[in-house]
Amino acid sequence: MFLHHSSFSPSRLALLARTIQYMADTTTSQSTLAYDTLAVHSGIERGTGVGVGIPIQQMAAFQFDSLQAAADEFQTNTGSSYSRIQNPTVKALEARITALEGAHDTVCVASGQSASFAAILSVCRSGDHVVATSSLFGGTVGLFNNVLPLMGITATLVPNTPEAVRAAMQPNTRLVWAETIGNPAADIADISTYAEIAHMQGALLCIDNTWGAVGYLCRPLNFGADIVVHSLTKWAAGHGSVLGGSVTVGQQHDLSRNSIYSESLLELHGNQALAWRQRWLAASQLGMVLPPQSAYQIALGLETLALRLERESATALALAEFLEQHPSVSTVNYPGLISSAYHTLAQKYLSNGYGAVMSFEVADPQRFLSRLKIIRMAPNLGDSRSLVVHPWTTTHGRMPEASRRAASVTPQSIRMSVGVESLSDLQADIDQALQ
Ligand SMILES: Cc1ncc(COP(=O)(O)O)c(C=O)c1O
């Protein structure tokens, strides 16, 4: 993207300067601090009398002390005027996620589902096309199959391989979409190859990094992704108590072949254009607001994410190895297993372990689920408690049978999100339920 500074009016330059300053204030992407340190310090100001954590600002509106201040804020949206547009608690959470993903900017929204919708709409409009891998969260498949076609946006869902993604690209493809670790097959997206395929024809790559746990297991932007979405409901919040989502963008992306981004928009916002449009669309126009109370809980959850996932990943690996040897279990999908077809890709893209989720097949899921005594049946992930679900009848239940099978969901599949309980208790619970 080329910017011709000589063609900027003084007011445009001033606006650009204020926006860049705002980005610098809220971004810790250049930080060399470790994940654990960023998780507890990012988003918190320093100063006498300033709280040591992120405070809740449960306000709809914020004051201005002059007409000029009000006019400036409505031009730049860099401070706080009205909580649909920007709330200080949400802004602090956004700064924290930006730091943890090594990103450029983040907008937080009400749920992971709304984050996905906002991310797609930020680069696609009627007549555009998306290529997505098929092992996705069922709600995302629903967006691609049922909601986006209403708006004239089509999607092709393909197996999670570079060959299939490349073959599905069309001249009007604006977006390639994959999950870091697929749901529930635990397959790994070849992120850097997908980025190359997308960028070759001016499309962007969006990664749903929910299972990559806000940069702890994977930072897709480091591998060439342009947009990262999260369901913050999962490992970020971490205790199964609150819903939230985020859309995060990297520093570099080429929008020059996307007609939504007119020359004047690119000129006005420079490489902030994508971030600007996402905030404008998701917050201001669509009102997908994350409540400050939820932002506070998610920010708190992020502070212990590394500790929880370190434990959960170690337990998950031990349980996957145990299940793989168990005579009553036929298939175990977990990228940490050496036998996994995705182990090599997992070693390339994941750090700090292989995550807390696996799926496996048992002969009689109903019997197995009803016999569990500690592990609970609930459709969530990333809770501090271990949870299981039967994807065939629940999370993926509304999908056509062929789509479910394409996502490696069978009537025998069980998905388990491992919590922080002791390994021996979890293993004993599973063992007795399998007897
Ligand atoms: C990978 C993934 N993406 C997105 C979502 C949607 O998130 P939410 O439930 O917060 O809307 C989920 C929910 O389970 C998910 O697992």
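In this text, all values refer to a predicted model and were calculated from it rather than measured experimentally.

1. Side note on the overall build of the chain
- Counting its secondary structure elements, the chain contains 16 helices and 12 strands.
- Taking 22 Å as the expected radius of gyration for a compact globule of 435 residues, we find that the chain reaches 22 Å, a close match to that expectation.
- The dimensions of the chain, computed from C-alpha atoms along their principal axes, are 75 × 55 × 35 Å.
- For the chain, restricting intrachain contacts to residue pairs at least 6 apart in sequence, the fraction spanning at least 24 positions comes to 74%.

2. Structural notes on the site of the ligand
- Neighbouring the ligand are 15 residues; S111, G112, Q113, F137 and S231 lie closest to it.
- For the shell around the ligand, the elements supplying multiple residues, two or more each, are α5 (112-121) and α6 (138-147).
- Residue composition of the shell around the ligand, by class: 3 nonpolar, 10 polar and 2 charged.

3. Thoughts on the environment of E73
- By the element assignment, E73 lies in helix α3 (residues 67-76).
- Accessibility expressed as a C-beta count within 10 Å gives 18 for E73, which makes it partly exposed.
- The spatial distance from the C-alpha of E73 to the C-alpha of N145 is 39 Å, given a sequence separation of 72 residues.
- E73 has contacts with F64, G79 and S81, leaving out every residue within four places of it along the chain.

4. What about helix α8 (residues 191-200)?
- Those residues of α8 lying buried are I191, Y194, A195, I197 and A198. Looking straight down α8, one finds its buried side chains confined to an arc of 165°; they lie on one side.

5. Considerations on the domain arrangement of the chain
- Per the domain assignment, the segments making up the chain are domain 1 (5-303) and domain 2 (306-434).
- One C-alpha centre belongs to domain 1, the other to domain 2, and the line joining them spans 28 Å.
- If you look at the interface, domain 1 gives 29 residues, while domain 2 gives 36 residues.
- Breaking the side of domain 1 that touches domain 2 down by element, the ones donating at least two residues are α2 (35-41) and α6.

6. Observations concerning the sheet that holds strand β1 (residues 105-109)
- The 7 strands lie next to each other as β1-β7-β6-β5-β4-β2-β3, forming an open sheet whose pairing is mixed. The sheet is open, and its two edges are formed by β1 and β3 (154-158), each paired on a single side. Strand after strand, the sheet turns through a mean of 20° between neighbouring axes, direction not considered.
- Packing against the sheet, α6 makes contact with β2 (129-133), β3 and β5 (204-208), and its axis sits at approximately 135° to β3.

7. Looking at the sheet that holds strand β10 (residues 376-377)
- Read across the sheet, 5 strands follow the order β8-β9-β12-β11-β10 without closing on themselves; strand pairing throughout is mixed. With one partner strand each, in any of the chains shown, β8 (329-333) and β10 form the two edges of the open sheet.
- Running at roughly 150° to β8, helix α12 (residues 305-325) makes contact with β8 and β9 (357-362) of the sheet.

8. Let's talk about helix α10 (residues 273-285)
- If you check which residues of α10 are buried, you get A273, L274, A275, R277, Q278, R279, A282 and A283.
- On the buried face of α10, the contacting elements are β1, α5, β7 (245-249) and α9 (263-269).
- Backbone geometry just after α10 places G287 at a positive phi near 60°.

9. Examining unusual backbone geometry
- The amide bond that connects N183 to the next residue, P184, takes the cis arrangement and shows omega of 5°.
- Topologically, P184 is positioned in the loop between β4 (173-179) and α8.
- A positive phi angle, near 65°, is found at N352, a position not held by glycine.
- In this structure, N352 sits in the loop between α13 (343-349) and β9.
- With 15 C-beta atoms counted inside 10 Å, the residue N352 sits in the partly exposed group.
- Although it is not a glycine, S408 sits at a positive phi angle of roughly 60°.
- When you line up the elements, S408 lands in the loop between α15 (401-406) and β12 (413-417).

Cut-offs and rules
Residues numbered from 1 in each chain as written. Predicted model: local features only at pLDDT ≥ 70, side-chain atom pairs only at ≥ 80, totals over all residues. Helix = DSSP H or I, 4+ residues; strand = E, 2+ residues; numbered from the N terminus. Rg over C-alpha atoms; globule rule 2.2 N^0.38 Å. Contact = placed C-beta atoms within 7 Å. Near = placed C-beta within 6 Å. Nonpolar A, V, L, I, M, F, W, Y, C, P; charged D, E, K, R; others polar. Buried ≥ 20, exposed ≤ 12 C-beta atoms within 10 Å, placed from the backbone. Arc of directions from axis to C-beta. Domains from an automatic or database assignment. Pairing = 2+ DSSP bridges. Axes fitted to C-alpha atoms, helices over the stretch in contact; angles between N-to-C directions.

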